[in-house]
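Commentary on secondary and tertiary structure
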Amino acid sequence: MKVLKNIIMASVIMLCVPEVNADDQATQKQLVNVGLNTGFTGTNIEVSKVLNDYLSLRADMFISGSVSGSSTLEGNEFAVSFTPDTKSLLLDVHPFSGLFYITGGLVNQNINATLTGKPSSGTFKFNDQAYDTKNIGSFTGTLGFNKSTAPYIGMGWSNRNKSTKGLAFSFEGGIIDIGAAKVALNVKCGNAFTEAQCDNLQSDVTAEIDKVNKELNKKLNYPYPVVKLGISYRF
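Presented here is a report on the structure given in the accompanying data block. For clarity, every value in this text was computed on a predicted model and none was experimentally measured.

What counts and what doesn't
- Residues numbered from 1 in each chain as written.
- Predicted model: local features only at pLDDT ≥ 70, side-chain atom pairs only at ≥ 80, totals over all residues.
- Heavy atoms only, no water.
- Helix = DSSP H or I, 4+ residues; strand = E, 2+ residues; numbered from the N terminus.
- Expected span 1.5 Å × (residues − 1).
- Buried < 20%, exposed > 50% of the residue type's maximum accessible area, 1.4 Å probe, protein only.
- Contact = heavy atoms within 4.5 Å.
- 1 Å grid on protein atoms, 1.4 Å probe; cavity = no way out; pocket = protein on both sides within 12 Å on 5 of 7 lines; lining within 4 Å.
- Points joined across faces, edges and corners; volume = space filled by probe spheres on them.
- Nonpolar A, V, L, I, M, F, W, Y, C, P; charged D, E, K, R; others polar.
- Salt bridge = Lys/Arg side-chain N within 4 Å of Asp/Glu carboxyl O.

**Looking at helix H3 (residues 195-219)**
The first and last C-alpha atoms of H3 sit 36 Å apart over 25 residues, in line with the 36 Å expected at 1.5 Å per residue. Buried within H3 we find Leu 201, Asp 204, Val 205, Glu 208, Ile 209, Val 212, Asn 213, Glu 215 and Leu 216.

**Comments concerning the side chain of Asn 76**
Within the secondary structure, Asn 76 sits in strand E5 (residues 76-93). The residues touching Asn 76, leaving out its near neighbours within four places in the chain, are Ser 71, Phe 124, Lys 125, Phe 126, Phe 139 and Glu 208.

**Section: empty space enclosed by the protein**
Summed over the entire model, instances satisfying the criterion amount to two cavities of 30 Å³ or more. Approximately 60 Å³ is the volume found for the largest cavity. Lining the largest cavity are Thr 41, Asn 44, Asp 60, Thr 86, Ser 88, Leu 90, Val 107, Tyr 152, Ile 176, Val 226 and Lys 228. Those elements that provide at least two residues to the lining of the largest cavity are E5 and strand E13 (224-234). Per-element accounting of the lining of the largest cavity gives the leading share, three residues, to E5. Residues belonging to the lining of the largest cavity are distributed by class as follows: five nonpolar, four polar and two charged. Approximately 30 Å³ is the volume found for the second largest cavity. What lines the second largest cavity is simply Asn 37, Glu 46, Arg 58, Tyr 101, Arg 160, Ser 170, Glu 172, Lys 228, Leu 229 and Gly 230. Secondary-structure elements contributing two or more residues to the lining of the second largest cavity are strand E11 (166-176) and E13.

**Side note on the pattern of salt bridges**
The final tally for this structure, using the stated rule, is nine salt bridges. The salt bridge involving Glu 172 is made with Arg 58; its shortest N-O contact spans 2.8 Å. Taken together, the residues Glu 172 in strand E11 and Arg 58 in strand E3 (residues 55-64) connect sequence positions 114 residues apart. Each member of the pair Glu 172 and Arg 58 is classed as buried.

What follows is the structure, given as structure tokens:
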């Protein structure tokens, strides 16, 4: 009975697998797409290998791009510089052998932001204690996420899977589950502070880091969105 069940399952699978003629298979085995994509993960170099009309393997790697802006955390304002550094290995599935595809895989991410305190009010606040900016030598920090290797899922439209050489275009949207955000702050005391005052400041900064991370986990507790456009050439 088990053997018969296996035979039936194998027959169903064979009937469901689309037929691809030998000439198309030979052509597809030679096709590789090389190009660029750009979007919420910066500008990436992209390489994909056509397996057949339905499947492609794809990899991309960040090469440039950054975003600058400002943010306020626990009453302190920061200048933010953000670099969406990612490397991806993905499987594209074109279920109808057309332009539409779904994709998934793994992303190695180093999506980090650098933070620089901005003294907009003349004071910085650490652990609800106000410190005159003249007594702060420097106030910097970093923001990162705890999943260095993260799952990715998305969908899009592209003619990368076609069995003819030439230009290919793509549009894709998806999400990366990069995990929880975590901030580290580095505050240096100014020359006017005594050793005791500096110790008090560092103690307040440590407490402030805990507060900021709790606030971030409320604000940034969702996947990283991806939207990107791409162009490549099939060789």
